[in-house]
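Reading the structure
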Amino acid sequence: MLASQELLLLIQQMFNYFLKTYAVVQQKYKLSPDRVLNLEETGITTVLQTPKVISQIGQRQVGQCVSAERGNLVTFCGIISATGVAIPPVYIYPRVRMKDAFMFGSVPGSVGFASKTGWMNSDIFVKVLEHIKKHE
């Protein structure tokens, strides 16, 4: 396992490499900030954690109702430009087939895809790029 100083040095080297590469790409293509995008992928559980309960001091019984089921992890991809303009999100469900009902109540323009693992793969990544192209 890397010591904290070695890890810090590695992170600094990686960041410097990114900045050099970004400078080369920026100089070659002259990208405006609205053309620089950040895609962040994270997992969201479908079942919420139990909330804290507040009651009177001395009360022996406090009622609370929570779900006992195990939730699924849905992958959420947020996409935003360097100017702060957001593209509707992408949801990836751990399923074999996508159902339209999964997208009920989602942000207008957002899309959903099904993946056996629930995580992004190369096929879905291409679809996400098409989604980005559609909203630019």
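The rules behind these values
- Residues numbered from 1 in each chain as written.
- Predicted model: local features only at pLDDT ≥ 70, side-chain atom pairs only at ≥ 80, totals over all residues.
- Heavy atoms only, no water.
- Buried < 20%, exposed > 50% of the residue type's maximum accessible area, 1.4 Å probe, protein only.
- Helix = DSSP H or I, 4+ residues; strand = E, 2+ residues; numbered from the N terminus.
- Pairing = 2+ DSSP bridges.
- Axes fitted to C-alpha atoms, helices over the stretch in contact; angles between N-to-C directions.
- Contact = heavy atoms within 4.5 Å.
- Expected span 1.5 Å × (residues − 1).
- Salt bridge = Lys/Arg side-chain N within 4 Å of Asp/Glu carboxyl O.
- Patch = residues over 30% accessible without salt bridge, like charges linked within 9 Å, V, L, I, M, F, W, Y side chains within 5 Å.
- Areas by Shrake-Rupley, 256 points an atom, 1.4 Å probe, with all protein chains shown as cover.

- The name an unreviewed UniProt entry gives the chain is DDE-1 domain-containing protein, with Molorchus minor as the organism.

Considering the pairing of strand β3 (residues 86-94)
- By the criterion of burial, β3 is predominantly enclosed, with 7 of the 9 residues buried.
- Bridge count between strand β2 (residues 73-81) and β3: 5 bridges; the pairing is antiparallel. By the bridge assignment for β3, I80 is matched with A86.
- The hairpin turn running from β2 into β3, its antiparallel successor, is 4 residues long, and G84 in that turn takes a positive phi close to 95°.
- Here β3 pairs with strand β4 (residues 111-115) via 5 bridges, running parallel. By the bridge assignment for β4, P94 is matched with S115.

Brief notes about the sheet that holds β3
- The 4 strands are arranged β1-β2-β3-β4 in an open sheet whose pairing can be described as mixed. Two strands lie at the open edges of the sheet, namely β1 (37-45) and β4, each paired on one side alone. With direction set aside, neighbouring strand axes in the sheet form an average angle of 20°.
- With 9 bridges connecting them, β1 and β2 associate as antiparallel partners. The partner of N38 across the bridge, within β2, is I80.
- Together, β1, β2, β3 and β4 form the strand contacts of helix α2 (residues 122-134), whose direction differs from that of β3 by roughly 155°.

With respect to helix α1 (residues 4-29)
- Taking 1.5 Å per residue as the helical rise, α1 with its 26 residues ought to reach 38 Å, and the 37 Å between its terminal C-alpha atoms agrees with that figure.
- K30 sits one or two positions beyond α1 and adopts a positive phi of about 50°.

Comments concerning the pattern of salt bridges
- A complete count under the given rule lists 1 salt bridge for this structure.
- The partner of E136 in a salt bridge is R35, with the nearest N and O atoms 3.3 Å apart. Here R35 lies in the loop between α1 and β1 and E136 lies in the segment after α2, a separation of 101 residues in the sequence.
- In this structure R35 comes out as partly exposed when scored by relative accessible area, which is 46%.

Re a nonpolar patch on the surface
- On the surface, L7, L10, I11 and M14 cluster together to form a nonpolar patch covering roughly 370 Å² of accessible area.
- Relative to the elements of secondary structure, M14 occurs in helix α1.
- Exposure remark for M14: the relative accessible area of 53% places this residue in the exposed category.

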